[in-house]
Amino acid sequence: MQIFWHRRDLRVADNRGLATAAESGAVVPVFVFDDDVLAHAGAPRVRFMLDALAALREAYRERDSDLVVVRGDPAEELPRLAAEYDADRVVWNRDYSGLARTRDAAVRRALNDADVPREAVHDAIHHEPGSITTNAGDPYSVYTYFWKKWRDREKADPFASPDADSLADVSGAALPSIEDLGFAEPEAAVQAAGTEAARERLGAFCADGIFRYAEDRDYPERDATSRLSTDLKWGTIGVREVYAATEDAAAEADGGDEAESVEEFQSQLAWREFYAHVLFFNPEVVTENYKEYENDIAWRDDDEALTAWKEGRTGYPIVDAGMRQLRAEAYMHNRVRMIVAAFLTKDLLLDWREGYAHFREYLADHDTANDNGGWQWAASTGTDAQPYFRIFNPTTQGERYDPDATYIKEYVPELRDADADAIHDWPNLSPTERERVAPDYPAPIVDHADRREEAIAAFEAARGDD
Ligand code: FAD
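Criteria and thresholds
- Residues numbered from 1 in each chain as written.
- Predicted model: local features only at pLDDT ≥ 70, side-chain atom pairs only at ≥ 80, totals over all residues.
- Helix = DSSP H or I, 4+ residues; strand = E, 2+ residues; numbered from the N terminus.
- Rg over C-alpha atoms; globule rule 2.2 N^0.38 Å.
- Buried ≥ 20, exposed ≤ 12 C-beta atoms within 10 Å, placed from the backbone.
- Contact = placed C-beta atoms within 7 Å.
- Domains from an automatic or database assignment.
- Nonpolar A, V, L, I, M, F, W, Y, C, P; charged D, E, K, R; others polar.
- UniProt positions renumbered as here; feature names shortened; annotations may be inferred.
- Core = buried A, V, L, I, M, F, W, Y, C linked by C-beta atoms within 7 Å.
- Axes fitted to C-alpha atoms, helices over the stretch in contact; angles between N-to-C directions.
- Parallel < 35°, antiparallel > 145°, perpendicular 65-115°, else oblique.
- Left-handed = near helix turned anticlockwise from the far one by under 90°.
- Pairing = 2+ DSSP bridges.
- Near = placed C-beta within 6 Å.

### Observations regarding the overall build of the chain
The secondary structure content of the chain amounts to 21 helices and five strands. For 466 residues, the compact-globule estimate of 2.2 N^0.38 gives 23 Å, and the C-alpha radius of gyration of the chain, at 23 Å, lies within 12% of that figure. Overall, the C-alpha framework of the chain stretches about 75 × 50 × 45 Å when taken along its three principal axes. Considering the chain as a whole, with its 466 residues, one finds that 46% of them fall into the buried category. Within the chain, counting contacts between residues at least 6 apart in sequence, those at least 24 apart form 79% of the total.

In structure tokens form, the structure reads like this:
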């Protein structure tokens, strides 16, 4: 008997650890609800996870097996389950984030003490940390060089799903409810979870959107991205399966633009792996700036502004639309994530950690590496980040990427009757004009031009520039 411990790989297909375990004996699939991990989670993420676990359990039941679920400390539960099932080995897929590595080290020690062999294999990304390095053998801090090597490196094929013969005939206890885990049902409409739902998203995207991705991906109202981030975060679909679908699309691409568009999408998959490597080699970035400034940045302390940002009431329409999309869907479009993060850290000069904590609570796709990478990019404190003096103007960003204000109107009902020009000109309208155009929508809480100067000065002071 083998135990396979599911964590961020809630699928049976294209799962390297599961396939490895299934090679040498009947597998008992296990999931452990770990209170230390739940303490860092938000309700939307837990909702998606529970739905994904229900789909995973179904996949095992179809194979005459079941998912064994327990709640507790994995370092205690896994040796206990190994004894209960008389298991020869416990297998899992590696997780590269700091908290998970600390937990896994404790599990390894506990299994050693119990004399249970274990094996951790590489699954969550194509190329493991340490496998793509500079010629001097160091991890990359510049994405473009990383991407070139990532692109040219051979990728593994998807792993086969285990069949009923390689799974143990076990039955598991019922899954807990979200309330049992200490969370209220989220207000957000969280997307459907499980491999089938992920495959539908992947299939629809690779049949069409992927060929326009390069041109459309920055325009939130075009809804032109894959929406696979939560699937990739929870591993309801394997990275090899996703990549193979993009290669099939590349083979069907009609000429240069479409092929480039497929490659543009693949390069986003590589950003995910770049940030996984950054986090692996710099676990301190979860709480610390990646870049070393001589002094800490003098972030402001302004609860009122922070609350207005969180609630989508800053008076900058594209920012407010993004913050409300987050609450409504547990998701936000990438371009808008960049805009709201720049607004928090530059216009409001509030610490990126405040924004990261809010995203961690509300995003279903929150992923330590990507969220941290995105925040530190926008805050100009990260690796290969936006230069501190290149500050997004939220008004021109809105004009450029949501010219008809379709996205804004979808999420900000107070602006639905206003015309796009007035929406984009909102910060420059007089109080009387604002009252006429959208009486219920707030005035801008800051002046972008003033705040831009202040932010540049704060970063220069932190850098020790004169
Ligand atoms: P697509 O455009 O279809 O991209 C495909 C996949 O590539 C994504 O699902 C994701 O896995 C990966 N990807 C795309 N862009 C990036 C990127 N910039 N960095 C890393 N991986 C990327 N992504 C998360 O998965 N989790 C997060 O918690 C997260 N937080 C972010 C916070 C900020 C401030 C910013 C600026 C970006 C953040 N991102 C995060 C990256 C990006 O916004 C999302 O991955 C993307 O919007 C998800 O939508 P999609 O699946 O349709 O993306």
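### Quick look at the domain arrangement of the chain
Taken domain by domain, the chain consists of domain 1 (2-124), domain 2 (195-281) and domain 3 (303-463). The C-alpha centroid of domain 2 is placed 27 Å from the C-alpha centroid of domain 1. Taken residue by residue, the interface counts 14 residues in domain 1 and 15 residues in domain 2. Taken together, the residues of the side of domain 1 that touches domain 2 break down into eight nonpolar, two polar and four charged.

### Considerations on the UniProt feature "site: Electron transfer via tryptophanyl radical" (unreviewed entry) in the chain
Following the UniProt record, one finds the feature "site: Electron transfer via tryptophanyl radical" (unreviewed entry) at Trp299, Trp352 and Trp375. Secondary-structure assignment places Trp299 in the loop between helix H11 (256-281) and helix H12 (303-311). Judged by the 17 C-beta atoms lying within 10 Å of it, Trp299 is partly exposed. Setting aside anything within four residues of it in sequence, one finds Trp299 in contact with Leu349, Leu350 and Asp351. Here Trp375 shows up in helix H16 (residues 368-378). Not counting residues within four places of it along the chain, the set of residues in contact with Trp375 comprises Ala341, Trp352, Gly355 and Tyr356.

### Here we look at the nonpolar core
If you look at the biggest cluster of nonpolar residues, it comprises 96 residues, and the most contacted ones within it are Ile3, Val30, Ala52, Leu78, Val90, Ile339 and Ile408. No other element matches helix H3 (residues 43-61), which puts eleven residues into this core. Shared between two domains, this core holds at least three residues of each, these being domain 1 (2-124) and domain 3 (303-463). When neighbours within four sequence positions are excluded, Val30 is seen to be in contact with Ile3, Phe4, Trp5, His6, Val68 and Leu81.

### Brief notes about the packing of helix H14 (residues 334-347) against H16
Where H14 contacts H16, the two axes come as close as 8 Å, and the packing angle between them is 55°. It follows from the interaxial angle that H14 and H16 lie oblique. In this structure, the crossing between H14 and H16 has a hand that is right-handed. Contacts between H14 and H16 involve Arg337, Met338, Ala341, Ala342 and Thr345 from the first element and Gly374, Trp375 and Ala378 from the second. Considering only residue class, the contact of H14 with H16 consists of five nonpolar, two polar and one charged.

### Looking at the sheet that holds strand S3 (residues 68-71)
Spatially, S3-S2-S1-S4-S5 is the arrangement adopted by the five strands of the open sheet, whose pairing is parallel. Here the strands that pair on one side only, and so sit at the sheet edges, are S3 and strand S5 (118-121). Within this sheet the neighbouring strands show an average axis-to-axis angle of 25°, counted without direction. Pairing geometry for strand S1 (residues 2-6) and strand S2 (residues 27-33), over five bridges, is parallel. Bridged to Trp5 within S2 is Val30.

### Side note on the site of the ligand
Taken together, 28 residues form the shell around the ligand, and within it Thr225, Ser226, Ser229, Asp371 and Gly374 come nearest. A total of six residues in the shell around the ligand trace back to one element, the largest contributor, which is H16. Classifying every residue of the shell around the ligand gives eleven nonpolar, nine polar and eight charged. Formed jointly, the shell around the ligand draws a minimum of three residues from each of two domains, domain 2 (195-281) and domain 3 (303-463).

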